[in-house]
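Spelled out from the first residue to the last, the chains are:
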Amino acid sequence: MSAASPALSVDTLTTEIRSRGTWYQAVRAVSFQVHARETVALVGESGCGKSLTALSIMGLLPLGVGRIAGGAIALDGEAVSGRSDAQMEKIRGNRIGMVFQEPMTSLNPVLSVGFQIAEPLIYHRGLSRRAAEARAIELMHLVRIPSAAERVGAYPHQFSGGMRQRVMIALALACAPKVLIADEPTTALDVTIQAQVLALIAGLQKSADLAVLLITHNLGVVASVADRVLVMYGGDVVESAAVRDLFARPTHPYTSALLAAMPRADRSSAVIAPIPGQVPTLADMPAGCRFQSRCPLREERCAQRPSLTAIDAAGTHQVRCWVRGGASS
Amino acid sequence: MSAATTVGPARVSTWTRARGNPAIIAGSIICLILVIMALFAPWIAPYDPNKQMLGPQLADPSRAHWLGLDSFGRDVFSRIIWGARISLWVGVVATVMAMIAGSAIGIVAGYFGGAIDRVISGVTDILLSFPQLVMGLLLVAVLGASIGNIILAIAITAVPAFIRLARGSTLAMRERDFIDAGRALGFSDMRIMFAHVAPNILDEIIVMGSLWLATAIRTESTLAFIGLGVPPPTATWGGIIREGFEYLNDNYLLAVFPSLAILITMIGLNLIGDGLRDATDPRAPQ
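What comes next concerns the included structure. (Residues numbered from 1 in each chain as written. Chains lettered and ligands numbered in written order. Predicted model: local features only at pLDDT ≥ 70, side-chain atom pairs only at ≥ 80, totals over all residues. Heavy atoms only, no water.)

### Notes on the sheet that holds strand β2 (residues 22–34) of chain A
Residue and element names in this part refer to chain A. Put simply, the rule reads: Between any two strands, pairing holds if DSSP finds at least two bridges. Secondary structure follows DSSP: runs of H or I at least 4 residues long count as helices, runs of E at least 2 residues long count as strands, and numbering of each begins at the N terminus. Two residues form a contact once any of their heavy atoms are found within 4.5 Å. Whenever a helix is involved, its axis is fitted only over the stretch in contact; in every case the axis is a line through C-alpha atoms, and angles between N-to-C directions fall within 0 to 180 degrees.
Strand order across the open sheet formed by four strands is β2-β1-β4-β5, with antiparallel pairing between neighbours. Strands with a single pairing partner mark the edges of an open sheet, and in this sheet they are β2 and β5 (78–79). Looking at chain direction, strand β4 (residues 66–75) and β5 are connected through two bridges and run antiparallel. Within β5, the residue paired with A74 across the bridge is A79. Lying over the sheet, helix α1 (residues 50–58) contacts β1 (8–19), β2 and β4, oriented at roughly 110° with respect to β1.

### A word on the packing of helix α2 (residues 22–39) of chain B against helix α4 (residues 76–112) of chain B
All names here are of chain B. What counts, and what does not: The scheme is simple: roughly parallel for angles under 35 degrees, roughly antiparallel for over 145, roughly perpendicular for 65 to 115, oblique for anything else. Amino acids outside the nonpolar list (Ala, Val, Leu, Ile, Met, Phe, Trp, Tyr, Cys, Pro) and the charged list (Asp, Glu, Lys, Arg) are all regarded as polar, and Gly is one of them.
Here α2 crosses α4 at 105°, and the two axes come no closer than 8 Å. Between α2 and α4, the angle is such that the two are roughly perpendicular. Counted together, L34, V35, M37, A38 and L39 of α2 and I80, I81, A84, R85 and L88 of α4 form the full contact between these two elements. For the contact of α2 with α4, the class distribution of residues is nine nonpolar, no polar and one charged.

### What about the sheet that holds strand β10 (residues 236–242) of chain A?
All names here are of chain A. Within the open sheet, the eight strands sit side by side as β6-β7-β8-β3-β9-β10-β12-β11. Their pairing is mixed. What marks the edges here is a single partner per strand, and that holds for β6 (96–99) and β11 (309–310). Sheet contacts for helix α6 (residues 161–172): β6 and β7 (179–183); angle to β6, the most-contacted strand, approximately 170°.

### Considerations on the packing of aromatic side chains
What counts, and what does not: In this scheme Phe, Tyr and Trp rings, the latter by its six-membered ring, pair at centre separations within 6.5 Å, and the angle between planes marks the pair as stacked below 30 degrees, edge-to-face above 60, and tilted otherwise. For the exposure calls, accessible area comes from a 1.4 Å probe over protein chains only, and a residue counts as buried if that area is under 20% of its type's maximum, exposed if over 50%, partly exposed in between. Lysine NZ or arginine CZ positioned within 6 Å of the ring centre and within 35 degrees of the ring normal marks a charge as sitting over the ring.
For the structure on display, the rule yields eight aromatic pairs over all chains. Taking 4.9 Å as the distance between ring centres and 80° as the angle between the ring planes, the aromatic pair formed by A:Y233 and A:F291 counts as edge-to-face. Highlighted residues: A:Y233 in strand β9 (residues 228–233) and A:F291 in the loop between α10 (253–260) and β11, separated in sequence by 58 residues. The pair formed by A:Y233 and A:F291 is uniform in burial state, with each residue classed as buried. An aromatic cluster of three or more residues is present, and its members are A:Y233, A:Y254 and A:F291. When the ring centre of A:W23 is taken as reference, the NZ or CZ atom of A:R67 above it lies at 4.0 Å. Taking NZ or CZ as reference, B:R191 lies 5.6 Å from the ring centre of B:F187, over its face.

### Looking at the state of the cysteines
Condition: Any two cysteine sulfur atoms lying within 2.5 Å of each other are counted as a disulfide.
What the rule picks out here adds up to zero disulfides over all chains. Among the cysteines around A:C48, which has no disulfide bond, A:C289 carries the closest sulfur, lying 14 Å off.

### Thoughts on empty space enclosed by the protein
Rolling a probe over the atoms, with the probe sized like a water molecule, indicates the empty space that remains. As a reminder of what qualifies: Detection works on a 1 Å grid of protein atoms alone, calling trapped sets that fit a 1.4 Å probe cavities and calling open sets with protein on both sides within 12 Å along at least five of seven lines pockets, with lining residues defined by an atom within 4 Å of a point. Grid points are joined across faces, edges and corners, and a volume is the space filled by probe spheres set on the points.
Across all of its chains, the model carries five cavities of 30 Å³ or more by this definition. Estimates place the volume of the largest cavity at around 90 Å³. A:S106, A:L107, A:N108, A:Q116, A:E119, A:L171, B:F178, B:A181, B:G182, B:L185, B:F187 and B:H196 together form the lining of the largest cavity. Broken down by secondary-structure element, the contributors of at least two residues to the lining of the largest cavity are α3 (113–125) of chain A together with α8 (177–184) of chain B. Top contributing element to the lining of the largest cavity by residue count: α8(B), with three residues. Residues that form the lining of the largest cavity fall into these classes: six nonpolar, five polar and one charged. Considering only enclosed or pocket space, the second largest cavity measures out at about 60 Å³ in volume. A:H252, A:P253, A:C289, A:F291, A:C295, A:L297, A:C302, A:C321, A:W322 and A:V323 are the residues that line the second largest cavity. Classifying every residue of the lining of the second largest cavity by side-chain character gives nine nonpolar, one polar and no charged.

### Overview of the environment of A:R92
Counted only if it meets this: Counted as a polar contact is a pair of N or O atoms within 3.5 Å, where, for protein atoms, one must be capable of donating a hydrogen and the other of accepting one, and residues adjacent in sequence contribute only when both atoms are in side chains.
Secondary-structure assignment places A:R92 in the loop between α2 (85–91) and β6. With 34 residues separating them along the chain, A:R92 and A:M58 place their C-alpha atoms 6.4 Å apart. Every residue in contact with A:R92, bar those within four places of it in the chain, is listed here: A:M58, A:G59, A:L60, A:D85, A:H124, B:R183, B:A184, B:L185 and B:G186. Engagement of the side chain of A:R92 in a polar contact is seen with the backbone oxygen of A:G59, the distance being 3.2 Å.

### Here's the deal with the side chain of A:R320
Residues and elements named next belong to chain A. To keep it simple, the criterion reads: His residues and chain termini do not enter the charge count, which takes Lys and Arg as positive and Asp and Glu as negative. We define a salt bridge as a contact between a side-chain nitrogen of Lys or Arg and a carboxyl oxygen of Asp or Glu at a distance within 4 Å.
With respect to the helices and strands, the residue R320 is situated in the loop between β12 (318–319) and α11 (322–325). Despite its burial, R320 remains without a salt bridge, the nearest opposite charge being carried by D236 at 4.2 Å. A distance of 2.9 Å separates the side chain of R320 from the backbone oxygen of V237, its partner in a polar contact. What R320 contacts, discounting residues up to four positions off in sequence, is D236, V237, V238, H252, R305, P306, S307 and L308.

None of this, on its own, says anything about what the molecule does.
Below you can see the structure in the form of structure tokens.
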């Protein structure tokens, strides 16, 4: 619990999911740390394990379908993995806030917005209803919802998508958690609203010393807000770097391919290079490097699983690749 | 509310729509009259329902006795007004009990699914396969005919329908994102089921309740008619019909008037129920 403990630390987390009676590793030995005021982004295609990593941290893996097979998760130096569901209920919403992709459907349509923001305060912090609703108005101010005092009794359908995402952020931050997990928080929003929501999260992060774990497939979002990036493919972290290094020197073939596939204002759309093939299903994942079936640089040794190896002197830029990473064994 | 108002489905307008619905207005007026009759029976009824008059048995309606006298010389109008008490009380209490118990069980089954759901749904299906009246008959025969047992029996016959409704609605609700959001906020299953799912399915349960209220009142009357109701001399609509049935050749009106009372009640409740269903149905024309 020292000051140096990261707000969120994930150590060799392995999560399995069950498909047709067999358990497959969908997250393989993922490790990272998020410190206060830092934003770490998990990037990858659908099914790469980024959302499962978030659910594992929250203790929300669907029962009988997902399970944590190994590794440790710690909040502020205190281990939380392996706790019972009842113990996790005290952590979720209280010490970790989570913002979801779909603001249009993530709020209860029949309860007023003010009550929904107040509810975690009543539930986790034992505030009276009156005090919690007063705090809800403050939180609505904090996330810049105009005329909060008048709108505290309004229902979700009376809010636009961007406003609802602000409500979701207010909800997630109601109990002043130190960690915020944002799972595709801007995917469902217009581009202009995306920028506002990201700026809002960044502002709140500074004022509340939040550690933010941002889950996204949008590299543009990553470039604008993240400090560190973990690129995931098939449950493996294939590249981990400071955001500047990743964009300056994308090293893993998958990272390069992702960047080449990203539409950019400074180049013609004809240059966009889609990644050939599809992500194999978990049952069809190749042994060894999981990207080998789609990799242009594939070699014989890719049949063995490469390890995550530092490619710079500081050891902060790590790559899981035989060819590009120069890993020995 | 200035900017960014009213997008998406207008959920709050259910009651606005219900208010202007002519069927609901007509039904409400009928039911309101019945409720006033039941509540203020001692003041409204012109005679003691059990007092035997000195007039002729089975007398035709007259100015003194608007709906005539029964075989014991009791005033039929007063008996029907007092009968409303029993019918409405039994119907309302039984339906509310069934609504609460059935919805709670149904929400639990739908929310947890798996083995819990299979057991609850299996038992529900078995109960639903009995005709309602047969089931009520069985229960009253076993428990004995008292007002409490009749309420219980009718409530038990109505519970499966509410279980099935609440389970189905909860299954649909469980897939909604706000349920996951609630879990991510650390809410317990109990809280999610009863503070988040329940208010969302309340509309449907109330509509179903208003329709089942009619069924419950009809069941009570039927039980009374076949002699398993609240025992005489207490005035019940079914009981009066039964007496009238025995004197059908002498004075058929004795059976007709309480039947009309039941008919009017059924019409009133069904008008409300159907009106509410239309008002809550998003596919219905506005």
